[in-house]
Amino acid sequence: MITFFDVPSKLHGTIAWSPINWRIRLILNYKQLPHKTEWVEYPDIEAFSKKHGIAPTGKKPDGSPLYTFPAIYDDATGVYLADSVPIAQYLDKTYPDTPVVVPAGTEALMQAFLDSYFSKWGPYMPIIILQITTIVNPVSSVYFNETRPAYFKTNKSLQEIAPKGEARIQALETVKTGMEDIKKSYDKNGGKKFIMGDSPTYTDFAISAYLLGVKIVFGQDSHEWKEVSSWQGGRWAKLLEDMKSYQAVV
């Protein structure tokens, strides 16, 4: 069985929230691979990764190694692995009888498209991160508040960084405008559900995971999710609906 490592929240109804980690949960469910979740708080990720020989996935603002989730352990192979794309590729290779989510030869185009997608959310990122501090457990909230301002290259607090009032409204409008480009790309697939046709690929899982994270972090009845779910004629709410059968948390 595969063990999927994720960061918990204190939310009622769904403990899973991470816009990044949801990618792998969606993929595991899509591939119908038996798995279970183990929860690790943010400050413990580095020690956990070092203990199990998981390589860093990047660098912190000060240049030191950065350890992140998602991560998995596959007891069939003894492999521990972190980072979404390597995990997705590992699952494709190790379980070839399951649907492929990173088709051969698409990696560069996939990454370029996702870089464009995530750049659209840039203006709202400080608001999302600040909101995350309110829904994770206290130990992870403190960690977020202490470490995340450095990624914005500032000594200001997250509360000071996040736009407020009219600036906050405008930030969301900027994201909405940017998402028009993403919808245009989806519109080129001949009316299919997903970016490459009738079957989802890693790109769809990454976009859906982020949207699902926004929905969970702010709340289904929040102004933010009501806005996002209405954008582009409800295109993104429809994408999440098409991914609904892959959203089980086990």
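About the criteria used
- Residues numbered from 1 in each chain as written.
- Predicted model: local features only at pLDDT ≥ 70, side-chain atom pairs only at ≥ 80, totals over all residues.
- Heavy atoms only, no water.
- Core = buried A, V, L, I, M, F, W, Y, C linked by side-chain atoms within 4.5 Å.
- Buried < 20%, exposed > 50% of the residue type's maximum accessible area, 1.4 Å probe, protein only.
- Helix = DSSP H or I, 4+ residues; strand = E, 2+ residues; numbered from the N terminus.
- Pairing = 2+ DSSP bridges.
- Axes fitted to C-alpha atoms, helices over the stretch in contact; angles between N-to-C directions.
- Phe/Tyr/Trp six-rings, centres within 6.5 Å; stacked < 30°, edge-to-face > 60°.
- Salt bridge = Lys/Arg side-chain N within 4 Å of Asp/Glu carboxyl O.

Draft legend 1. Quick peek at the nonpolar core. In this structure, Trp-17, Leu-91, Trp-121, Tyr-124, Tyr-202, Ile-207 and Leu-211 are the most contacted members of the largest nonpolar core, which totals 74 residues. Counting residues per element, this core draws most heavily on helix 9 (residues 202–218), which supplies 12 residues.

Draft legend 2. View of the sheet that holds strand 2 (residues 35–39). Strand order in the open sheet formed by four strands is 2-1-5-6, and the pairing between neighbours is mixed. With one partner strand each, in any of the chains shown, strand 2 and strand 6 (79–82) form the two edges of the open sheet. Put simply, the sheet's adjacent strands are angled 20° from each other on average, direction ignored.

Draft legend 3. Up close: the packing of aromatic side chains. Following the criterion strictly, the structure yields 18 aromatic pairs and no others. Arranged with centres 6.4 Å apart and planes meeting at 45°, the rings of Trp-17 and Tyr-42 form a pair that is tilted. One end of the pair, Trp-17, is in the loop between strand 1 (2–6) and helix 1 (22–30); the other, Tyr-42, is in the loop between strand 2 and helix 2 (45–51), with 25 residues separating them in the sequence. Given a relative accessible area of 15%, Tyr-42 falls into the buried group. With 6.1 Å between their ring centres and 15° between their planes, Tyr-42 and Tyr-143 make a pair best called stacked. Pair noted here: Tyr-42 is in the loop between strand 2 and helix 2 and Tyr-143 is in helix 6 (residues 138–147), with a separation of 101 residues, a long-range link. In this structure Tyr-143 comes out as partly exposed when scored by relative accessible area, which is 24%.

Draft legend 4. A look at the pattern of salt bridges. Tallied over the entire structure, the rule returns nine salt bridges. In this structure, Glu-46 engages Lys-60 in a salt bridge whose closest nitrogen and oxygen atoms are separated by 3.1 Å. Of this pair, Glu-46 sits in helix 2 while Lys-60 sits in the loop between strand 3 (58–59) and strand 4 (65–66), and the two are 14 residues apart along the sequence. Under the relative-accessibility criterion, Lys-60 is labelled partly exposed at 23%. Within this structure, Glu-46, Lys-50 and Lys-60 form a network of salt bridges that share partners.

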